[in-house]
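Structure at a glance
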Amino acid sequence: MPRIPITRSISIDSGELVESFTRASGPGGQHVNTTDSAVLLRFDVVASPGLPEAVKHRLAVLAGSRLTKDGVLTLRADASRSQEMNRREVRERLFDLIREATIVPKKRRATKPTRASQVRRVDAKKGRAQVKAGRGKVKFD
């Protein structure tokens, strides 16, 4: 089976993609009732040898409810009247999802507010307190 390049270092075997076709509910009128133009793509993320473990884990998080308990990612495309266009769309969505999973998120570094910013904050609070205190009733002696 030919390999499909996703990134420079990641490619998957085209045999790993399982496509099935159903009738679409989208545009097309009576044509929709007679042709199987919707595409249901299944990709076994867990069993894929072409994906590193870290990418599999991030892909599972990105996929959310589209990932079954068995680790199979399911995508559906039925926007077009053409089966071929739906196939291209659903494959591109899968490849984009895998590309997004290859990006390692930056770790957050905890920071402390500077002394000057703490002082500014307290001064601003004191200023607001004085403004509000000045709104009270005026006492005459």
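Residues numbered from 1 in each chain as written. Predicted model: local features only at pLDDT ≥ 70, side-chain atom pairs only at ≥ 80, totals over all residues. Heavy atoms only, no water.

Description of the sheet that holds strand S4 (residues 38–44)
Strands sit in the order S3-S4-S5 across an open sheet of 3 strands; the sheet is antiparallel. Across the chains shown, the open sheet's two edge strands, defined by having one partner strand only, are strand S3 (17–22) and strand S5 (72–77). Each adjacent strand pair in this sheet contributes to an overall mean axis angle of 20°, direction not counted. Alignment of S4 against S5, held across 6 bridges, turns out to be antiparallel. From the neighbouring strand, Leu41 faces S5, where its bridge partner is Leu75. Lying over the sheet, helix H2 (residues 83–101) contacts S3, S4 and S5, oriented at roughly 140° with respect to S5. (Pairing = 2+ DSSP bridges. Helix = DSSP H or I, 4+ residues; strand = E, 2+ residues; numbered from the N terminus. Axes fitted to C-alpha atoms, helices over the stretch in contact; angles between N-to-C directions. Contact = heavy atoms within 4.5 Å.)

Focus: helix H1 (residues 53–63)
An α-helical turn contains 3.6 residues, so any two residues separated by three or four positions project in the same direction. Those residues of H1 not exposed but buried are Val55, Lys56, Arg58, Leu59 and Ala63. Considering only its buried residues, H1 is in contact with S5 and H2. Gly64 sits one or two residues past H1 and shows a positive phi near 60°. (Buried < 20%, exposed > 50% of the residue type's maximum accessible area, 1.4 Å probe, protein only.)

Some details on the nonpolar core
By size, the foremost hydrophobic cluster in this structure holds 22 residues, and its most contacted members are Ile12, Leu17, Phe43, Leu51, Leu94 and Ile98. Listing elements by their share of this core, those giving two or more residues are S4, H1, S5 and H2. (Core = buried A, V, L, I, M, F, W, Y, C linked by side-chain atoms within 4.5 Å.)

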